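Working through the structure, step by step
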Amino acid sequence: LGYAGANNRGAAVARGGLLALLNNDLVLARGWLEPMLAVHARLRQPGVVGNVQRNLRTGRLDHTGICFDHRGKAGHDTAYPLLAALLRGYRRVPAVTGACLLIAAERWRTLGGFDPGYVNGGEDVDLCFRALAAGCTNAVALRSIILHHVSASPGRKRRDEENSRRL
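A brief structural summary. All values derive from a computational prediction rather than experimental measurement. (Residues numbered from 1 in each chain as written. Predicted model: local features only at pLDDT ≥ 70, side-chain atom pairs only at ≥ 80, totals over all residues. Heavy atoms only, no water.)

1. Comments concerning the environment of valine 140
Residue placement: valine 140 occurs in strand β9 (residues 137-148). Judged by its relative accessible area of 0%, valine 140 falls in the buried class. Considered as a pair, valine 140 and threonine 64 are 76 residues apart in the sequence and their alpha carbons are 6.5 Å apart. Non-local contacts of valine 140, meaning those with residues more than four positions away in its chain, are made with Gly50, Asn51, Val52, His63, Thr64, Gly65, Gly89, Tyr90, Arg91, Val93 and Val96. (Helix = DSSP H or I, 4+ residues; strand = E, 2+ residues; numbered from the N terminus. Buried < 20%, exposed > 50% of the residue type's maximum accessible area, 1.4 Å probe, protein only. Contact = heavy atoms within 4.5 Å.)

Laid out in structure tokens, this is it:
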């Protein structure tokens, strides 16, 4: 089904008010969820909330939000805004990675979930763009930090160009 289809199926049977979507290649540290919940509760119109991710192999920052290059291609921002982390605990971003995200179940349904036309890439950014278009705020919870086996799934990058064109 790919990432979009599998998560759409899981979300369809979920019963809670919030959905936490997690890749199967994450290492979750104690206390990773609470900062995400706090940011979600703090935003006036919460869209998608992500977190800080470190590469499990290297320990380097891998994700503090999605940014775009001069060609409009999505990539991971790796800057850590220390002052924002200390003062607010979050930063507003255009998009977050789907490797670990939090969204209200009702918002997910209203936005239509992930577009299954994306195959293992781009569906997260597309969802975030739809949240922005609906007047929501996407954010990274800067006090939530997890470890990630970055792009470890076989074939993860196989459809990147096609997904980028679709986005």
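2. Overview of the pairing of β9
Counting buried residues in β9 gives nine out of twelve residues, a clear majority hidden from the surface. Across two bridges, the pairing between strand β2 (residues 26-27) and β9 is antiparallel. If you follow leucine 26 over to β9, its bridge partner there is histidine 148. Here eight bridges tie strand β3 (residues 46-55) to β9, and the two strands are oriented parallel to one another. What sits directly across from valine 52, in β9, is isoleucine 145. Pairing geometry for strand β7 (residues 90-92) and β9, over three bridges, is antiparallel. Paired with arginine 92 across the strands is alanine 139, a residue of β9. (Pairing = 2+ DSSP bridges.)

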